[in-house]
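Examining the three-dimensional arrangement
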Amino acid sequence: MLKSKIVLLSALVSCALISGCKEDKKENVSIEFMHSSVEQERQAVISALIARFEKENPGITVKQVPVEEDAYNTKVITLARSGSLPEVIETSHDYAKVMDKEQLIDRKAVANVIQAVGENAFYDGVLRIVRTEDGSGWTGVPVSAWIGGIWYRKDVLAKAGLAEPTNWQQLLVVAKTLNDPAHKKYGIALPTAESVLTEQSYSQFALSNKANVFDAQGKITLDTPEMAQALDYYRELAAYTMPGSNDIMEVKDAFMNGTAPMAIYSTYILPAVIKEGDPQNVGFMVPTEQTSAVYGMLTSLTLTSGQKEEETQAAEKFVTFMEQADNIADWVMMSPGAALPVNKAVVNTATWKDNSVIKALGELPNQLIAELPNIQVFGAVGDKNFTRMGDVTGSGVVSTMVHNVTVGKADLSSTIKESQKQLDTLVEQR
């Protein structure tokens, strides 16, 4: 943060008055690190990382700024307006687009860290997700990810004589076969509410059919045959889920209490699965039609603009330090199984190999990591990540479209055309 000129002047005056004070003596640099790990055990891990960094880098002090997730985005805006943004901020790749649009990210500093760490240090496909809209830089340095897909109970499928699904058609057959609403059992727990989870889940099917919200020129492409086909499929699949609008809690609860043997959810379902006692009974697949499409959310550490040179340099050193094998492993393993490593070095550390959760999951962590190159998200086209996708998600148009044709039984063709018009208007106004 920019220090008060008065404070800086006072320091210089004090230095001049002290006998033997040398002009080339550098002051200590203090930077702030804002993150969403408010839990005490997570803060303890971060505190240990900071202590390790400060020991290796005398003269640099790092102060934690933990902020509740629900208040996170508002806090960033408030700090930005007051000119007091922390030098390093943990952010999702989605929100980083917003920060980049508002010119709150020091792209050069981010690039410096990525070059220092090495682009090859990250799994294929990871850096693509944090590309800037013009493809010339990055919005942050990736530290972890979670992915979403279809989870299923292997024993339930085996008992019914069903093969584990690998594509759209097989998934539909399994959901239809296992559906038994008369006994309050359903084939799949599918998000259908007007929510972000519904947009994320539906996006996997659309993208696996090569349908995106934007084309390479940044035009809205909702009303296309590929998008309509994906929406029609999602509607058919929704016939085998629980009635009503299903969101995070309904989907997770249905899978965990046995109401549905399959569910679309993120890797954050795994802690509950592990507690259940037989995690290797759970299989994972991703929507696959013309291609495979994994929804993924990357967490990055970004470096903010408007800082003093020495503060930016200290921030670069801190984020580069965080990407070192043992350090990034400690970060990822704050949420073992749920958070996936994006830096290849993690899986070679003792922290990863000796973790009881990773061991309990068997080959599943490797399977999940192998899906990182398949991450696709709405608004990312080639090397372009359109910042307006944040406006699209914020409008709720896509999730409302899905809700209306599944729960609301609305006409698909007219609904998708109306949604196209709404997004056209939204983008034109921005």
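Bear in mind that the values here come from a model prediction, so they are computed numbers and not experimental data. Along each chain, the written sequence defines residue order, and numbers are assigned to residues from 1. Predicted model: local features are reported for residues with pLDDT of at least 70 only, side-chain atom pairs are reported and counted for 80 or more only, and whole-chain, interface and lining totals are derived from all residues. Excluded from the side-chain calculations are hydrogens and water; all other atoms, namely the structure's heavy atoms, are used.

**Some points on the overall build of the protein**
Runs of E in the DSSP output that reach at least two residues are strands. Runs of H or I that reach at least four are helices, and both are numbered from the N terminus. Each helix and strand in the protein was counted, giving 20 helices and nine strands. In terms of overall dimensions, the protein is globule-like: its C-alpha atoms have a radius of gyration of 24 Å, near the 22 Å expected for 430 residues. The principal-axis extents of the C-alpha atoms in the protein amount to approximately 85 × 50 × 35 Å. Should any heavy atoms of two residues lie within 4.5 Å, those residues are counted as being in contact. Put simply, 77% of the contacts in the protein that link residues at least 6 apart link residues at least 24 apart. All accessible areas in this document rest on Shrake-Rupley with a 1.4 Å probe, and a residue is counted as covered only by the protein chains that are shown. Counting every atom, the protein has about 19300 Å² of accessible surface; 50% of that belongs to carbon and sulfur. Within these notes, the globule rule equals 2.2 Å times the number of residues to the 0.38 power, and the radius of gyration is based on C-alpha atoms.

**Looking at the packing of aromatic side chains**
For Phe, Tyr and Trp, rings pair up if their centres lie within 6.5 Å, where Trp contributes its six-membered ring, and each pair is then called stacked (planes under 30 degrees apart), edge-to-face (over 60) or tilted (otherwise). Under the definition given, this model contains 13 aromatic pairs. A connected cluster of aromatic rings, assembled from ring pairs, spans W168, Y202, F205, Y233, Y234 and F378.

**Side note on helix 4 (residues 93–101)**
Buried within helix 4 are the following residues: H93, Y95, A96, K97, M99 and D100. Q103 occupies a position one or two residues after helix 4 and carries a positive phi of about 60°. Each residue is assigned to one of three classes by its accessible area relative to the maximum for its type, calculated with a 1.4 Å probe on protein chains only: buried under 20%, partly exposed between the two thresholds, exposed over 50%.

**Description of the pairing of strand 6 (residues 282–285)**
Along strand 6, one buried face is formed by V282 and F284 and the opposite face, lined by G283 and M285, is buried too. Whether two strands pair depends on DSSP finding at least two bridges between them. Relative to strand 6, strand 4 (residues 141–153) runs antiparallel, the two being bridged by four bridges. Across the sheet, the residue bridging to W151 is F284, located in strand 6.

**Regarding the environment of D411**
Mapped onto the elements, D411 comes out in the loop between helix 19 (397–406) and helix 20 (412–429). Polar contact is the term for a pair of N or O atoms within 3.5 Å; when the atoms are in protein, one must be able to donate a hydrogen and the other to accept it, and sequence-neighboring residues count only if both atoms are side-chain atoms. A distance of 3.4 Å separates the side chain of D411 from the backbone nitrogen of S413, its partner in a polar contact. From its side chain, D411 meets the backbone nitrogen of S414 in a polar contact 2.9 Å long.

**Quick look at the environment of R388**
Considering the arrangement of structural elements, one finds R388 in the loop between strand 9 (384–385) and helix 18 (389–395). C-alpha separation for the pair R388 and K421, spaced 33 residues apart in sequence, amounts to 16 Å. The residues contacting R388, other than those within four sequence positions of it, are E133, F214, G218 and V427.

**Observations regarding the pattern of salt bridges**
Proximity of charged atoms lets side chains of opposite charge pair with each other. Should a side-chain nitrogen of Lys or Arg be within 4 Å of a carboxyl oxygen of Asp or Glu, the pair is scored as a salt bridge. As enumerated under the stated definition, the model contains 10 salt bridges in all. A salt bridge links R107 to D100; the nearest nitrogen and oxygen atoms lie 3.0 Å apart. With relative accessibility at 30%, the residue R107 sits in the partly exposed group. Judged by relative accessible area, which is 10%, D100 ranks as buried. The closest approach of N and O atoms between D134 and R107, which form a salt bridge, is 3.3 Å. Taken together, the residues span a long stretch of sequence, with D134 in the loop between helix 6 (126–129) and strand 4 and R107 in helix 5 (residues 107–117) at a distance of 27 residues. Residues joined in a network through salt bridges with shared partners are D100, R107 and D134.

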